[in-house]
Amino acid sequence: MSVSVLSPSRLLGGVSGILQVASLLILLLLLIKAAQLYLHRQWLLKALQQFPCSPSHWLFGHKQEFQQDQELQRIRKWVEMFPSACPLWLWGGKARVQLHDPDYMKVILGRSDPKSQDPYRFLAPWIGYGLLLLNGQTWFQHRRMLTPAFHYDILKAYVKGSCPLPPQDKWEKLLGQDSPLEVFQHVSLMTLDTIMKCAFSHQGSIQVDRDSQSYIQAISDLNNLTFSRARNAFHQNDTIYSLTSTGRWTHRACQLAHQHTDQVIQLRKAQLQKEGELEKVKRKKHLDFLDILLLAKMENGSILSDKDLRAEVDTFMFEGHDTTASGISWILYALAIHPKHQERCREEIHGLLGDGASITWNHLDQMPYTTMCIKEALRLYPPVPGISRELSTPVTFPDGRSLPKGITVMLSIYGLHHNPKVWPNPEVFDPSRFAPGSAQHSHAFLPFSGGSRNCIGKQFAMNELKVATALTLLRFELLPDPTRIPIPMARLVLKSKNGIHLRLRRLPNPCEDKDQL
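Definitions and limits used
- Residues numbered from 1 in each chain as written.
- Predicted model: local features only at pLDDT ≥ 70, side-chain atom pairs only at ≥ 80, totals over all residues.
- Heavy atoms only, no water.
- UniProt positions renumbered as here; feature names shortened; annotations may be inferred.
- Contact = heavy atoms within 4.5 Å.
- Helix = DSSP H or I, 4+ residues; strand = E, 2+ residues; numbered from the N terminus.
- Axes fitted to C-alpha atoms, helices over the stretch in contact; angles between N-to-C directions.
- Parallel < 35°, antiparallel > 145°, perpendicular 65-115°, else oblique.
- Left-handed = near helix turned anticlockwise from the far one by under 90°.
- Nonpolar A, V, L, I, M, F, W, Y, C, P; charged D, E, K, R; others polar.
- Patch = residues over 30% accessible without salt bridge, like charges linked within 9 Å, V, L, I, M, F, W, Y side chains within 5 Å.
- Areas by Shrake-Rupley, 256 points an atom, 1.4 Å probe, with all protein chains shown as cover.
- Salt bridge = Lys/Arg side-chain N within 4 Å of Asp/Glu carboxyl O.
- Buried < 20%, exposed > 50% of the residue type's maximum accessible area, 1.4 Å probe, protein only.
- 1 Å grid on protein atoms, 1.4 Å probe; cavity = no way out; pocket = protein on both sides within 12 Å on 5 of 7 lines; lining within 4 Å.
- Points joined across faces, edges and corners; volume = space filled by probe spheres on them.
- Expected span 1.5 Å × (residues − 1).
- Polar contact = N/O pair within 3.5 Å; in protein donor to acceptor, adjacent residues only side chain to side chain.

## Side note on the UniProt feature "binding site: heme" (unreviewed entry) in the protein
Then, in step 1: UniProt records the feature "binding site: heme" (unreviewed entry) at C455, using the numbering of this structure.
Then, in step 2: In contact with C455, other than residues within four places in its own chain, are R143 and F448.

## What about the environment of D153?
Then, in step 1: Mapping D153 onto the fold places it in helix 7 (residues 152-161).
Then, in step 2: Not counting residues up to four positions away in its chain, the partners in contact with D153 are K285 and H286.

## Observations regarding the packing of helix 9 (residues 183-199) against helix 15 (residues 306-336)
Then, in step 1: Packing of helix 9 against helix 15 brings their axes to within 8 Å, and their N-to-C directions diverge by 135 degrees. Considered as vectors, helix 9 and helix 15 are oriented oblique to each other. Both helix 9 and helix 15 take part in a crossing whose hand is right-handed. Residues V183, F184, V187, S188, M190, T191, L192, I195, M196 and A199 of helix 9 form the contact with helix 15, whose own contacting residues are F316, M317, G320, H321, D322, T324, A325, S326, I328 and S329.
Then, in step 2: Residue composition of the contact of helix 9 with helix 15, grouped by class: twelve nonpolar, seven polar and one charged.

## Some remarks on a nonpolar patch on the surface
Then, in step 1: On the surface, V21, L25, L28, L29 and I32 cluster together into a nonpolar patch covering about 480 Å² of accessible area.
Then, in step 2: Following the sequence through the fold, I32 ends up in helix 1 (residues 8-47).
Then, in step 3: A residue is classified by how much of its surface remains accessible, and I32, at 43% relative accessible area, is partly exposed.

## Concerning the layout of surface pockets
Then, in step 1: A volume near 1100 Å³ is recorded for the largest pocket.
Then, in step 2: In terms of lining residues, the largest pocket is bounded by 37 residues, among which L37, W91, G92, G93 and K94 are the most central.
Then, in step 3: Every element with two or more residues in the lining of the largest pocket is listed here: helix 1, strand 1 (85-91), strand 2 (94-99), helix 4 (117-120), strand 4 (386-390) and strand 7 (408-412).
Then, in step 4: No other element matches helix 1, which puts nine residues into the lining of the largest pocket.

## Some words on helix 9
Then, in step 1: End to end, helix 9 covers 24 Å across 17 residues, agreeing with the expected 24 Å (1.5 Å per residue, within 8%).
Then, in step 2: Counting buried residues along helix 9, 15 of its 17 residues qualify, which places the element largely inside the surrounding structure.
Then, in step 3: N-cap assignment for helix 9: the residue whose side-chain oxygen lies 3.3 Å from the backbone N of F184 is E182.
Then, in step 4: Remark: S201 follows helix 9 within two positions and exhibits a positive phi of approximately 55 degrees.

This is how it looks when you write it as structure tokens:
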């Protein structure tokens, strides 16, 4: 009797054969991938042989040295051991070269290398491809289009219109609780309020708006999630990451951030559709950030798509408030733990503004000691700890060492600012480093990066830092909380692992500036 072609034995035999073939294919692919990783690691070892580093594990790299948010402490140790540069192995087949030397920084920032794919591509679902992530000609076009938004005439108006302090009654209520205040959250709402008014034509205060507080929390979450993803070998693939709990968390945070920026865009679009409003805006000599984007979109949609517009708004909404909030918070902390410098700044500001005087554009260049203290705080606590580039061509540094095309270099701004060969006694708060006439390397101090891709809003940011510091010192004495000393933590933006807690003591007979409240 013949066996049926559909008998169970033949079916099992067929399935078994398919499984064997599939297993062989998977094994072959794994072997090919392992060979690729091995060859890539050998290439990296050869490419980086001129740059010594601390011992690393062949598979886990230097991961064990960067556990529990100890990265900044490790960077300071590495800077002492390798003052110019050293490789950092993230895992077996992935490494980058960290730069800590101003001459090295100058070489890289003077080139036109693109932003490295990792970790910047992880930011794309959040902020899209705006100025931060764009490269090449498209970046140049967007940069040229948006530069007028930071014209000096506009910045002068910002100084009068920006409000770098929360409403007075909110501060009084918080101070009445007689407990340390975690300042970063409140300063973040303040800087978001400022950027909304100055760059996005927003009317009214958002500091008590729950949606704005949700946006601040979403940005905080995305800072942590993106940073963690870049250091997790298993989260590099987008599909795999989207299936994880942190991937879903990232997606929800992105949605919250996008809801906020979409609301800002739609609100301004509706305002421009009112009778006469568009013509009024077009007659302005200088437009703000969002109006430049919207008019460019109206005039030529092929230059700026809806996706491009939202990306630029997402980018500047994040960079325009979070980095500034970090800078202000750390400046206030630095002055709190150095009361003599704080008092000298206060005396300078009080002598400049007097009782009840409004702060103006001209005042900003007349507070040299306060500016020195601000810069020294930015040196110790740079808002952006590092930036990275992928070498598009080989590079040779001043000391003769070289790197080939394709290597990722991390410009460690934190490492540069804490380099004892660049800044003697780097952990000491010493504003005299920035005294008028003091000599320093052109690339020794880079709180706003440098070169053609420096921060487009650096003048705006510096003005906001000065105004916020000046008005805070006029109203309050800053005191540290000895039970909660901030622990600097590397993220996209420099944060504190345990928050930045300060005591604010209301000063008697303060200079009241009602125009600023």
